[in-house]
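Structural characterization, general
Here is how the chains run, residue by residue.
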Amino acid sequence: MQFPLMPSQMLNLLLAQWQCSNLGPSPYPTTTPTTSEWIKPLAVAGGRLPFNIRQQQQPQTQSTPTPTALAPLLDRDFPDPSIIYDVDAQTGIGTYYAFATASSGRNIQAASAASPSGPWTYIDGDGEILPSPGNWTLSSSPGSFSSGGGNTWAPDVHFLRPNHYIMYYSGQLAGNNSAYHCIGAATSNSVLGPYTAMDEPIACPLSRGGAIDPSGFVDEETGRRYLLYKIDGNSLGNGGECNNGVAPYRPTPIILQQVNQDDGVSLIGDPVEILDRLQEEDGPLVEAPSLVRVLTSPSNSDDEDDDDDDDGERKAIYVLFYSSHCWMTDLYRVNYATAENVTGPYRRAGDGRPLIWTGSGGFNLTAPGGATGWSTDHGRGRLVFHADCEMGRCLFEMGFEVRIDGGSGNVSVVATGTN
């Protein structure tokens with residue numbers, strides 16, 4: 001998620017794309033690039049492009065695909081999805097709700113389903129879920145999609161206590177700082193709102209580029225509540241891929257900040273940087289963090305001598321899902337890092353392989369990213385995420401499994417499709 005392109009930038013990009021298609025040989029390689037040979041995209045500031053104007057870059061093939069193609073769960077643009085399971089106090093019936101970045105003329109989008117795998121129903125009522133992202137944003141009045149609410153990104157809703165919900169989101173700043181986003185929070189007595197925004201952002205490191213992609217997390221072991229987000233360093237970049245493809249490169253670290261477990265916004269202690277971009281592996285950025293605590297058991301071990309049962313001590317693993325590379329390219333993907341403590345240190349995948357990438361596993365996905373995860377049982381969990389589709393970036397869902405090597409103790413996470 002990056003800044004909207006100015007009209008002049010959009011025109012330049014269209015002209016460059018036309019040149020590549022019609023006036024000479026393609027600037028892209030005819031063979032699959034290696035990690036160190038990833039292509040430098042067109043040198044424009046990061047922005048939201050029409051999806052028929054994307055650079056068709058393919059990452060290195062890393063495994064033999066299995067035919068398990070996934071289909072969109074909603075036939076509409078629904079980027080940066082998050083998910084919450086909410087039980088109606090009156091009926092006792094539980095419902096999954098997904099929330100997504102502004103689109104379709106709405107500041108915040110939402111959909112509902114009885115199961116994460118669907119069918120999903122888009123919620124298209126008369127009222128806005130977040131009528132205004134707050135006076136500190138470009139938007140200062142209800143129904144303000146066209147005047148700034150349209151740049152409200154990556155909402156994440158959490159239950160605090162009965163009749164109290166909190167929504168984190170990225171809001172575009174008003175005034176002279178409109179090139180930046182910061183993290184906002186809004187509260188409601190209903191999961192579907194309407195939400196009332198706080199008067200000020202809760203995380204706004206302007207000197208480092210602002211902040212985007214908030215994600216809440218409660219550590220079941222301690223009961224502590226945390227907020228994760230990305231410092232948007234590429235907003236201060238020097239151009240190129242997502243505005244951070246030209247040296248000197250800017251850091252885009254993922255931050256873990258403890259917050260008050262009752263209100264979800266009062267900061268406790270100092271923020272902790274738990275992961276940052278590596279140029280060779282991540283390109284211009286890492287973003288879209290989602291933290292999951294998974295309890296493994298002996299049946300999750302790769303050791304053939306382990307009995308396939310649930311006896312023995314379970315081990316808690318913290319899995320940090322995140323996206324890397326530029327969302328406008330086919331190199332965008334979902335990665336993971338793991339730790340034994342919530343504050344880290346977080347270890348990236350030992351083989352350097354992403355969890356989900358363009359063409360991986362036969363899932364038939366292009367540019368998957370913006371994932372939100374949750375644990376289910378015995379080392380397993382689910383993800384909702386977006387990937388390219390005809391409508392923009394559509395909602396998808398799949399499973400994952402945490403595996404521990406019985407010899408080395410190394411942790412890996414594998415995508416398990418719809419199983």
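Residues numbered from 1 in each chain as written. Predicted model: local features only at pLDDT ≥ 70, side-chain atom pairs only at ≥ 80, totals over all residues. Heavy atoms only, no water.

1. Some points on the overall build of the chain
Rule in force here: Put simply, DSSP marks the helices as runs of H or I at least four residues long and the strands as runs of E at least two long, and each gets a number from the N terminus on. Only protein chains enter the area calculation, which uses a 1.4 Å probe; residues under 20% of their type maximum are buried, those over 50% are exposed, and those in between are partly exposed. Throughout, a residue-residue contact means that at least one pair of heavy atoms, one from each residue, lies within 4.5 Å. For every accessible area listed, the method is Shrake-Rupley and the probe measures 1.4 Å; residues are considered covered only by the protein chains on display.
Each helix and strand counted, the chain has 2 helices and 20 strands in total. Residue burial in the chain is summarised as follows: out of 419 residues, 55% are buried. Considering only contacts in the chain between residues 6 or more positions apart, those separated by 24 or more positions represent 57%. For the chain, the exposed area adds up to about 17900 Å²; of that, 47% sits on carbon and sulfur atoms.

2. Section: the state of the cysteines
Here is the rule: Two cysteine sulfurs form a disulfide in these notes if their separation is within 2.5 Å.
Applying the stated criterion across every chain, the model contains 3 disulfides. Each disulfide pairs two cysteine sulfurs, and for Cys-182 the partner residue is Cys-204, the sulfurs being separated by 2.0 Å. Here Cys-182 and Cys-204 share a disulfide; its torsion about the S-S bond, 60°, makes the bridge right-handed. Taken together, the residues Cys-182 in strand β7 (residues 181-188) and Cys-204 in the loop between β8 (196-197) and β9 (211-218) connect sequence positions 22 residues apart. Residue Cys-182 is classed as buried on the basis of its relative accessible area, which comes to 0%. Disulfide partner of Cys-389: Cys-394, at an S-S distance of 2.0 Å. Between Cys-389 and Cys-394, the S-S dihedral sits near 80°, and the bridge is therefore right-handed. Taken individually, Cys-389 and Cys-394 each receive the classification buried, so the pair is uniform in this respect. When the cysteines of the chain that form disulfides are numbered from the N-terminus onward, they connect as 1-2, 3-4, 5-6.

3. Concerning the nonpolar core
For clarity, the cut-off: What is meant by a nonpolar core is a set of buried Ala, Val, Leu, Ile, Met, Phe, Trp, Tyr and Cys residues, joined one to another through side-chain atoms within 4.5 Å.
In this structure, Phe-321, Ile-356, Leu-365 and Phe-385 are the most contacted members of the largest nonpolar core, which totals 26 residues. Elements with a minimum of two residues in this core: β13 (286-296), β14 (315-324), β15 (333-339), β18 (380-389), β19 (392-404) and β20 (411-417). For this core, the element with the most residues is β19, which contributes 6 residues. Excluding residues within four positions of it along the chain, Leu-365 makes contact with Leu-70, Ile-356, Trp-357, Thr-358, Gly-359, Phe-385, Ala-387, Phe-396 and Met-398. Membership of the second largest hydrophobic core comes to 20 residues, among which are Ile-84, Tyr-97, Ile-129 and Ala-186.

4. Here's the deal with the pattern of salt bridges
Quick note on the threshold: The salt bridge definition used is simple: a Lys or Arg side-chain nitrogen within 4 Å of an Asp or Glu carboxyl oxygen.
Here the structure, examined in full by the defined rule, presents 11 salt bridges. Measuring nitrogen to oxygen at the nearest pair gives 3.0 Å for the salt bridge that ties Arg-208 to Glu-273. Taken together, the residues span a long stretch of sequence, with Arg-208 in the loop between β8 and β9 and Glu-273 in strand β12 (residues 267-275) at a distance of 65 residues. Its relative accessible area of 33% is what places Arg-208 among the partly exposed residues. In this structure Glu-273 comes out as partly exposed when scored by relative accessible area, which is 44%.

5. What about the environment of Met-398?
Among the structural elements, Met-398 can be located in strand β19. As a C-alpha pair, Met-398 and Ser-117 span 281 residues in sequence and 7.9 Å in three-dimensional space. Other than its neighbours up to four places away in sequence, Met-398 contacts Leu-70, Ile-356, Phe-363, Leu-365, Gly-381, Arg-382, Leu-383, Phe-385, Ala-415 and Gly-417.

6. Some remarks on the layout of surface pockets
Our working definition: Note on definitions: the grid is 1 Å and covers protein atoms alone; a cavity is a set of points where a 1.4 Å probe fits but cannot get out; a pocket is an open set with protein on both sides within 12 Å along at least five of seven lines; lining residues have an atom within 4 Å of a point. Grid points are joined across faces, edges and corners, and a volume is the space filled by probe spheres set on the points. Following the grouping adopted for this structure description, the nonpolar residues are Ala, Val, Leu, Ile, Met, Phe, Trp, Tyr, Cys and Pro, the charged ones are Asp, Glu, Lys and Arg, and the polar ones are all others, Gly among them.
By volume, the largest pocket is sized at about 750 Å³. Surrounding the largest pocket, 26 residues form its lining, Val-218, Glu-220, Gly-373, Trp-374 and Ser-375 being those nearest its centre. If you list the elements that add at least two residues to the lining of the largest pocket, you get β1 (82-87), β5 (153-161), β9, β13 and β17 (369-375). With 5 residues, the top contributor of residues to the lining of the largest pocket is β13. Split by residue class, the lining of the largest pocket holds 12 nonpolar, 9 polar and 5 charged.

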